[in-house]
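So the chains spell out like this:
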Amino acid sequence: MVEAILIDLFSLPAVLQNNIQGLLCRTLETIEKCSSIPAPFVYVMCCQVQGSEGKGEQDSLLPALRDFQSLQKRLEVVRALTTAAALYTIKQRLDEKDISSIKIILPTLRKELMKVYIDHLFTPVYQFEFEDLQVASDCNNLQITEPQSEEQTLSTQDVALIQSEIQTYLESLPSLKGELTILKSSLIPDDIFLHGFTTRTGGISYIPALSSCNLFSSSKRRDPQVVVKENLRRLANAAGFNPETFHRVKTDHANAVCVMGKTEPDSYDGIVTDQKGVTIAAPGADCIPVLFADPVRKVCGAAHSGWKGTLLGVSMATVNAMVSEYGCNVKDILVVLGPSVGPCCYKLPHESAKEFHRIDPKCVRHFDSATPYIDIRRATRILLESGGILPENIQDDSVTNQNQNITFCTACHPDKFYSHFRDGTNFGTQIGFISIKD
C-alpha cells in the first residue's frame, strides 16, 4: 500500500510555470479519486531559482492546493536548487514518519534519472513505484513536456554528474550531535601508528537510532551508502587518513582473517597488514572492535569480536596471522579493546553462556538464570593471554585503567555510542581503525 506520493515537477521549463497550478490540480484530483488510502502524504518537488528564497514561488502554488481538504495537512511543496537536495529533504520527511512505500509521479524522461538518485539516496528498505505524469490534451503548453513513448537512457557521464551532485550536497550539510570525536589509546605508539575509535557524534546521519556518525550501511537500515561514505570522509579528514585506502572487515561473526595483498575472502572478521598508508578497521555496536599493533615489525591488525567470534577465537586468529605472515613476535603485539557492551548489560541464553563459563566461570554472572550476564571482554583477554599476549600489552579500561576511557560500555552511553543490544535492529555502527604511518 502506497503511503506517500512524490510529484516531480523539478524539470518543468520556465514556459510552463504559469500552468503549474492546473497541472497540480489534475494530478491531485487523480490522487484523491484513486488512492488506496484516504489521504496519503504528498510531496511536490520543484526547482528553486538560484538566489531566490523560494517563498513567493511556493505561495503562488497555494491557490492550486486549497481545494484539496483531505490532503491539506499532508501536502508539502519542497523547493531546492538541485534534485539531490530536494529528494534528500523529502527522504527526511519520509523517515520522520517511518514511511517506506512511495509512488513517484513524474515526466517519462525523468524516470531513469530519478532511479539513479534513488539508488544512491535510498536503501532496499524503501519500495518505489513509478507513474507517468499525465497531461491533459486540452492544454497545449503542457504538451511540450516530452513524448510519453520512450524512456531516456543515461550515459556513464550523466550518472557521474548525478553522483557528484549528491556528494557536493552531502558535503555541504552541517555535522549533527556535536563535533566528531575520536578516542585514542596511550598503549599504541602514535609515532608509528595512526589509530582511534569513533563515537556517534559529528556525522550527517539524522535518523535518531543512526545519528550522527554512523559508519555502516546495509539493506535493512535507512542510511544509504553515500551518507556513510560522507561520514567516513569527515572522519578521515579529522583523523588524517586517506578514505580511498580504507578497508573494513566483512563481518561474518566468525574467525577468518584477511591478509592485505592476498586474495580477499568473501567474509572475514580480522584483517592484518604491513602496508603503510592503508587504514584497516573493524566495526562495533556492542561487539568489540579490537586493534593490534606490533611496533617492532611495524604491523597492525583489526578484528570484530562479538560473542560468537570471541568463542571462535577471532582475536588470536588475528594475532596468529601477524605472526605467520609478517614474522611478528607474539610478545611484541599490543592489543586494545574498544567500546563494547559490558558485563553490566549483556545477556545471552543459558546454552551460549555455558561456553563462556568453560573459558572462565568469572565470565558469567547469574549462571543459573535463563539469560546470564556475559563478559566477552574478559573472555577475549583470557584467550589472548593463553595465546602468549602479555597481560600488560592488553588494554581493557574497564579493568586496567578506567581513566583512559577507551573501553566504555556501549549500552550504558547512548549519547556516545551505538548499541544493537540497546537500540534494536535499526542501529548505527562505530569503528576502530588503525594504519601504519608513512
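Residues numbered from 1 in each chain as written. Predicted model: local features only at pLDDT ≥ 70, side-chain atom pairs only at ≥ 80, totals over all residues. Heavy atoms only, no water.

Q: Hey, could you go over the environment of Arg 248 for me, with residue numbers and the actual values?
A: Inspection of the secondary structure assignment puts Arg 248 in strand β8 (residues 246-248). Each C-alpha atom, one on Arg 248 and one on Ala 282, is 5.7 Å from the other, the two residues being 34 residues apart in sequence. Not counting chain neighbours up to four residues away, the residues in contact with Arg 248 comprise Leu 215, Phe 216, Tyr 268, Ala 281 and Pro 283. (Helix = DSSP H or I, 4+ residues; strand = E, 2+ residues; numbered from the N terminus. Contact = heavy atoms within 4.5 Å.)

Q: Outline the pairing of strand β13 (residues 299-305), listing residues and values.
A: Each regular strand carries side chains that alternate between the two faces of the sheet. Counting buried residues along β13, seven of its seven residues qualify, which places the element largely inside the surrounding structure. Burial along β13 is two-sided: the face carrying Val 299, Gly 301, Ala 303 and Ser 305 and the face carrying Cys 300, Ala 302 and His 304 are both buried. Bridge count between strand β10 (residues 270-273) and β13: four bridges; the pairing is antiparallel. Among the inter-strand pairings, Ile 271 is bridged to a residue of β13, identified as Ala 302. Across seven bridges, strand β12 (residues 288-294) lies against β13 in antiparallel orientation. From the neighbouring strand, Pro 289 faces β13, where its bridge partner is His 304. Between β12 and β13, which pair antiparallel in sequence order, lie four residues; one of them, Lys 298, sits at a positive phi of approximately 55°. (Buried < 20%, exposed > 50% of the residue type's maximum accessible area, 1.4 Å probe, protein only. Pairing = 2+ DSSP bridges.)

Q: Would you mind going over the confidence of the model for the protein in detail, with residue names and values included?
A: Caution is warranted with low-pLDDT regions, since their predicted coordinates should not be read in detail. Mean pLDDT over the protein stands at 89; residues scoring 70 or higher make up 86%. Counting interchain partners and residues more than four positions distant, the pLDDT-below-50 stretch residues 135-149 has 25 contacts. (pLDDT = per-residue confidence, 0-100.)

Q: Let's hear about the sheet that holds β10: which residues, and what values?
A: Judged by pairing direction, the sheet is mixed, and its six strands sit side by side in the order β9-β10-β13-β12-β14-β17 without closing on themselves. With one partner strand each, in any of the chains shown, β9 (257-259) and β17 (394-395) form the two edges of the open sheet. Note: strand β14 (residues 334-337) against β17, two bridges, orientation parallel. If you follow Val 335 over to β17, its bridge partner there is Ile 394. Lying over the sheet, helix α9 (residues 314-326) contacts β9, β10, β12 and β13, oriented at roughly 160° with respect to β13. (Axes fitted to C-alpha atoms, helices over the stretch in contact; angles between N-to-C directions.)

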